[in-house]
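# A structural walkthrough
Letter by letter, the chains look like this.
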Amino acid sequence: GQQLNQSPQSMFIQEGEDVSMNCTSSSIFNTWLWYKQDPGEGPVLLIALYKAGELTSNGRLTAQFGITRKDSFLNISASIPSDVGIYFCAGQRGGGADGLTFGKGTHLIIQP
Amino acid sequence: GAGVSQSPSNKVTEKGKDVELRCDPISGHTALYWYRQSLGQGLEFLIYFQGNSAPDKSGLPSDRFSAERTGGSVSTLTIQRTQQEDSAVYLCASSLAPAGRSAQGELFFGEGSRLTVL
């Protein structure tokens, strides 16, 4: 099946630092999504991107849909303790579950 | 309820037993998905229901896995003769419309059912 390469696998940062993570694919996607999963919870949608080149912000989060449609990045500015969790990217080719692929996640850990 | 509801939240079973996991999607959502999340791994697609169409079962790992969706609402994922490698968190998600190019395709996840097979 489709593969999304998400990196880094984990990040250890200090509170207040900026964070950047990305996903790449060998295939084109029509939509990119970024989810966050807290321990014991299901993933929650953070940002959805529908157009190549689109740059979207949600508070301290900014995500971009790569112009080639094969990549996306998520930035978090001025990290705070509640940003801890696992961040997943997901790409959609079209309608239905066959067009939806998730990355393996980036585990964000904030050191005091 | 307002969100996707899954039960049980935790299930411990013995190898060889059958288990049933339940998902109650958001009211009005036509699409329902089951995913499996193993420790440290991403989300592995299992099965997808859309309205009255035949489900997409292409992600089911073996014939021990099956799922039903009755009345276009509640879904049950059944694992027969459980094995230790079935231990994982099983996540259900629903969306207003098929995943695609609009916000109506955005998935809303439940909290998952954690299955431990001893």
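Here's a quick rundown of the structure. Remember, it's a predicted structure, so these values are computed and weren't measured experimentally.

Next up on the list: the overall build of chain A. The number of helices and strands found in chain A is zero helices and eleven strands. Secondary structure of chain A in N-to-C order comes out as β-β-β-β-β-β-β-β-β-β-β. Taken against the 2.2 N^0.38 rule, which gives 13 Å for 112 residues, the C-alpha radius of gyration of chain A at 13 Å falls within 12% of a compact globule. With the C-alpha coordinates of chain A rotated into their principal frame, the extents come out at 40 × 30 × 20 Å. Pairs at least 24 apart in sequence give 54% of the contacts found in chain A among residues at least 6 apart. When the accessible area of chain A is evaluated, it comes to approximately 5,100 Å², of which 51% is carbon and sulfur surface.

Once that is clear, we can look at the sheet that holds strand E6 (residues 65-69) of chain B. Note: strands within a sheet are paired through backbone hydrogen bonds, in either parallel or antiparallel orientation. Residues and elements named next belong to chain B. Pairing in this open sheet of four strands is antiparallel, and the strands run E1-E3-E7-E6 from one edge to the other. At either margin of the open sheet sits one strand with a lone partner, and together these are strand E1 (5-7) and E6. Averaged over all adjacent pairs, the angle separating strand axes in this sheet is 15°, with direction ignored.

Here the structure, examined in full by the defined rule, presents six salt bridges over all chains. Measuring nitrogen to oxygen at the nearest pair gives 2.8 Å for the salt bridge that ties Arg-60 of chain A to Asp-83 of chain A. Of this pair, Arg-60 of chain A sits in the loop between strand E6 (55-58) and strand E7 (61-65) while Asp-83 of chain A sits in the loop between strand E8 (71-76) and strand E9 (85-92), placing them 23 residues apart in sequence. The salt bridge involving Asp-86 of chain B is made with Arg-64 of chain B; its shortest N-O contact spans 2.8 Å. Placement of Asp-86 of chain B in the loop between strand E7 (75-79) and strand E8 (88-95) and of Arg-64 of chain B in the loop between strand E5 (43-50) and E6 is noted, with a sequence separation of 22 residues between them. Classification of Asp-86 of chain B by relative accessible area gives buried; the value is 1%.

So, about the layout of surface pockets. Put simply, the largest pocket is a space of about 710 Å³. Together, 30 residues line the largest pocket, and Gln-37 and Ile-86 of chain A together with Gln-37, Leu-39 and Gly-40 of chain B are the ones closest to its centre. Elements that contribute at least two residues to the lining of the largest pocket include exactly E9 of chain A together with E8 and strand E10 (113-117) of chain B. Per-class residue counts for the lining of the largest pocket are eight nonpolar, 17 polar and five charged.

Conventions we followed
- Residues numbered from 1 in each chain as written.
- Chains lettered and ligands numbered in written order.
- Predicted model: local features only at pLDDT ≥ 70, side-chain atom pairs only at ≥ 80, totals over all residues.
- Heavy atoms only, no water.
- Helix = DSSP H or I, 4+ residues; strand = E, 2+ residues; numbered from the N terminus.
- Rg over C-alpha atoms; globule rule 2.2 N^0.38 Å.
- Contact = heavy atoms within 4.5 Å.
- Areas by Shrake-Rupley, 256 points an atom, 1.4 Å probe, with all protein chains shown as cover.
- Pairing = 2+ DSSP bridges.
- Axes fitted to C-alpha atoms, helices over the stretch in contact; angles between N-to-C directions.
- Salt bridge = Lys/Arg side-chain N within 4 Å of Asp/Glu carboxyl O.
- Buried < 20%, exposed > 50% of the residue type's maximum accessible area, 1.4 Å probe, protein only.
- 1 Å grid on protein atoms, 1.4 Å probe; cavity = no way out; pocket = protein on both sides within 12 Å on 5 of 7 lines; lining within 4 Å.
- Points joined across faces, edges and corners; volume = space filled by probe spheres on them.
- Nonpolar A, V, L, I, M, F, W, Y, C, P; charged D, E, K, R; others polar.

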